[in-house]
Amino acid sequence: MVHRSGKQGRSGKQGRSGRKAGRQRQRQEGPGGTRCADRQRKARNFAVAKFATMYATHYRTNTCGELREADAGKEVTLAGWMHRSRDLGGMTFVDLRDRFGITQLAFNMSSEAELCGRARKLGREFAVQATGVVQVRESRNKELATGAIELVVTKMEVLNTSALPPFTMEDETDGGEELRMKYRYLDLRRAPLRKSLELRAKTVRAVREYLDGQGFWEIETPNLIKSTPEGARDFLVPSRMQPGSFYALPQSPQILKQLLMMGGMDRYYQIVKCYRDEDFRGDRQPEFSQIDCEMAFVAQDDVLDMFEGMTRHVFQRVLDYNLPPMQRLPYAEAIARYGSDKPDLRFGAEIHALNEAFAGTDFAVFKQVLERGGSSAQESGGSSAQESGGSSALQGPGLIAGIVAKGCAEYSRKQLDELTDFVKAPHRGAGGLVYVKWAADGSIKSSVDKFFSADQLREVATGMGAKPGDLLLLVAAKTGITRKALGDLRLELARRENWIKPGDWSVLWIVDFPLFEKDPDTGEAIFVHHPFCSPHPEDLAYFDSDPLRCRALTYDMVMNGNEIVSGSIRIHQPEVQNRVFDVLGFSQAQKQEQFGFLLDALKFGAPPHGGCAFGLDRWVMLMAGQDTIRDVIAFPKNNAGRDLMMDAPAIVDQKQLDELSIAVKLKR
Ligand code: ASP
């Protein structure tokens, strides 16, 4: 009996069927009552709703986020957590919180002394159910969506008590990150995390909506597979049935989605976990989520159009924001103009190449760089991949270049010293920073006054689009170093000068990446994206003679300076795939061992195909305005790859190791 009433209560339809169900129960029980009937009546008192919404359940008629002035006079039941309480004279006020918001409960000492006394004893995070009448508040709380009303409580039940939480559930909590990760289920009760996860859910819904509408099928691929080369280390899973053998967790479903195209699926997507055992540089997680997509019988523009459309759809649905059409910027140009393959275009400060402007100078620093042999083609970002960026360009010829810091002519010695240290940091490697201040009164002051006249510098400044009041910052070094230093410097200036307006978006495609780059340690050709990207048809001529010059049909989508999507048109001819493996130094046996099944599949009429993958975590992070992907993942790992809540990874029983035929030998 109890069971049945529980079920009815949970059906979520109390509003419509509660009374009827109650009448039916009365008929079954007969009037008056057994203990069972009492219990049912009690439940009914809470559950029978005079006013209920889709969130109504056995425990509540409404949520803590939905009552408004228009609901005044209604009797409702809420359930949630005791967020905060205040005793004011004869009244006690309790903020009751659930996923949907906060509602103020009011308890009156003079009319409901016993109830009010119990309310005063509620501890933080107690789970509470309260019934009462909605009343318009005397003074409205503008911070709360429900701030116009309060619930004058007539009944209250503690559903569960709570130990004292280790930190406050406020937006700005007093808990450090490690503590919050240990108690992640409590951290999730805080509004910022809850909102991020809501935005994530909306994003995924909008993605599915778009892709389903475009005829994509969501197809799952296995997690226990063979290594997929995405350039990281694999996580391995030992096989018990085949001692000594291991599965690899997918770094991405790359090969599998290609095989789905060969299997005739035409349009595939999957919201999928990927696993990469990388060092914890920056904001990374060992497992992360991709929106993985692939299409058959497509060329590059088909893929770019489709996923530009998806991005715009999601922005519209989730942020109610109309993204303008996306620029498609060649990689070489991005590197030459912004010093980065993920440029942030929310502000200007483009890099200007100045080798020609300073040709013939006696200033030793510039002269040396010019003598290193920077030609104009290289200076301005020539068309081939090698000339224009990537690691090989770091060894390339010299480049004098600069950026304009708008309105910064009054920078102090200290500020300029800080910027100089910034470009000289070892990972940027510039030897120094030349400044030219073009004061508002038209005068010029620079760190190279001795070598150049004011008129000369004014001419350079004018050529760079500067105006009086602006500051020029110049670097002279190997091409790659100059570009990297200035690329980073423009970001640093944007940060210092607040050049980026909140709510602005810069979303663009970078196209024509190099196919290969030089391994900085071994000097050998390695792939830039992954080994299945199609060479650019225009560059096939260099493929054997100078593979580093060869571009790929590879593209990234860059959002506010972050790489959000990577993809490519894939190789669909076995002989081209073989040639790429050859350049990458795979022996015949290695090719067969690692990719035999793919090379076989390519022989059976593989269609031209291509696709991409979105980094879901980072995309949601940007839309949620968060700084780390940990804030948009329900249960993330910390910076050292640990799950602090579950305490993983952990040592396992000897018995488990024995079953797997594994002996652990720790490195000293
Ligand atoms: N598998 C690729 C990645 O994870 C994406 C793609 O090429 O579709 O970056």
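In what follows, the structure referred to is the one given above.
Residues numbered from 1 in each chain as written. Predicted model: local features only at pLDDT ≥ 70, side-chain atom pairs only at ≥ 80, totals over all residues. Heavy atoms only, no water.

When helices and strands are counted, the protein chain shows 20 helices and 22 strands. Buried positions account for 49% of the 668 residues belonging to the protein chain. Long-range contacts, defined as pairs at least 24 residues apart, comprise 67% of the intrachain contacts of the protein chain with a sequence gap of at least 6. Surface accessibility of the protein chain: about 32,700 Å² in total, with carbon and sulfur atoms responsible for 50%. (Helix = DSSP H or I, 4+ residues; strand = E, 2+ residues; numbered from the N terminus. Buried < 20%, exposed > 50% of the residue type's maximum accessible area, 1.4 Å probe, protein only. Contact = heavy atoms within 4.5 Å. Areas by Shrake-Rupley, 256 points an atom, 1.4 Å probe, with all protein chains shown as cover.)

Turning our eyes to something else, we now look at the sheet that holds strand β3 (residues 101–108). Either a parallel or an antiparallel arrangement is found when strands of a sheet pair, and the pairing is made through backbone hydrogen bonds. A barrel is described by the order of its strands in space; here 5 strands give the closed sequence β1-β2-β3-β5-β4, paired in mixed fashion. Within the sheet, the average angular offset between the axes of one strand and its neighbour, ignoring direction, is 55 degrees. Two elements, strand β2 (residues 91–98) and β3, share 8 bridges in a ladder whose sense is antiparallel. Each residue of the ladder has a partner; that of Val94, found in β3, is Leu105. (Pairing = 2+ DSSP bridges. Axes fitted to C-alpha atoms, helices over the stretch in contact; angles between N-to-C directions.)

So, about the site of the ligand. In the region of the ligand, 13 residues are neighbours, and Glu230, Gln254, Lys257, Gln290 and Arg570 sit closest. Arg276 places a polar side-chain atom, nitrogen or oxygen, 2.9 Å from an oxygen atom of the ligand. Gln290 has a polar side-chain atom sitting 2.9 Å from an oxygen atom of the ligand. Burial of the ligand by the protein chains amounts to 95% of its free accessible area of 270 Å². A per-class count over the shell around the ligand returns 2 nonpolar, 7 polar and 4 charged. (Near = heavy atom within 4 Å. Polar contact = N/O pair within 3.5 Å; in protein donor to acceptor, adjacent residues only side chain to side chain. Nonpolar A, V, L, I, M, F, W, Y, C, P; charged D, E, K, R; others polar.)

Further remarks concern the pattern of salt bridges. Summed over all chains, the structure comprises 49 salt bridges. In this structure, Arg328 and Glu308 form a salt bridge, with 3.1 Å as the shortest nitrogen-oxygen distance. Within this pair, whereas Arg328 is found in strand β11 (residues 328–330), its partner Glu308 is found in helix α9 (residues 300–319), the two being separated by 20 residues in sequence. The partner of Asp582 in a salt bridge is Lys591, and the shortest N-O contact between them spans 2.8 Å. Classification of Asp582 by relative accessible area gives partly exposed; the value is 43%. Where salt bridges share partners, they join Asp301, Asp305, Glu308, Arg312 and Arg328 into one cluster. (Salt bridge = Lys/Arg side-chain N within 4 Å of Asp/Glu carboxyl O.)

A few words on the nonpolar core. Core analysis: the largest hydrophobic core is formed by 44 residues, its most contacted members being Leu211, Phe307, Met310, Phe614 and Trp619. Counting only elements with at least two residues in this core, the list comes to α7 (191–213), β10 (287–296), α9, β17 (507–511), β20 (554–559), β21 (562–569), β22 (609–615) and α19 (616–624). With 8 residues, the top contributor of residues to this core is α9. Leaving out residues up to four positions away in the same chain, Trp619 has contacts with Val207, Ile291, Met310, Thr311, Val314, Phe315, Met559, Ile564 and Phe614. Ile255, Leu548, Ala552 and Phe581 belong to the second-largest nonpolar core, a separate cluster that totals 23 residues. (Core = buried A, V, L, I, M, F, W, Y, C linked by side-chain atoms within 4.5 Å.)

Within the secondary structure, Met169 sits in the loop between β5 (149–160) and α5 (177–182). Remark: the alpha-carbon pair of Met169 and Leu186, spanning 17 residues in sequence, is separated by 7.5 Å. Not counting residues within four places of it along the chain, the set of residues in contact with Met169 comprises His83, Arg97, Glu125, Leu186, Arg189 and Arg190.

Here the focus is the side chain of Asp643. Tracing the backbone shows Asp643 in the loop between α19 and α20 (654–659). Polar side-chain contacts of Asp643 include one of 2.9 Å to the backbone nitrogen of Met645. Sequence-distant contacts of Asp643, defined by excluding residues within four places in its chain, comprise Lys637 and Ala648.

A sheet is described by the order of its strands in space; here 5 strands give the open sequence β12-β13-β16-β14-β15, paired in antiparallel fashion. The open sheet is flanked by β12 (352–353) and β15 (444–446), the only strands paired with a single partner. For strand β14 (residues 434–438) and strand β16 (residues 470–478), the ladder comprises 5 bridges, and the chain directions are antiparallel. By the bridge assignment, Trp438 is partnered in β16 with Asp470.

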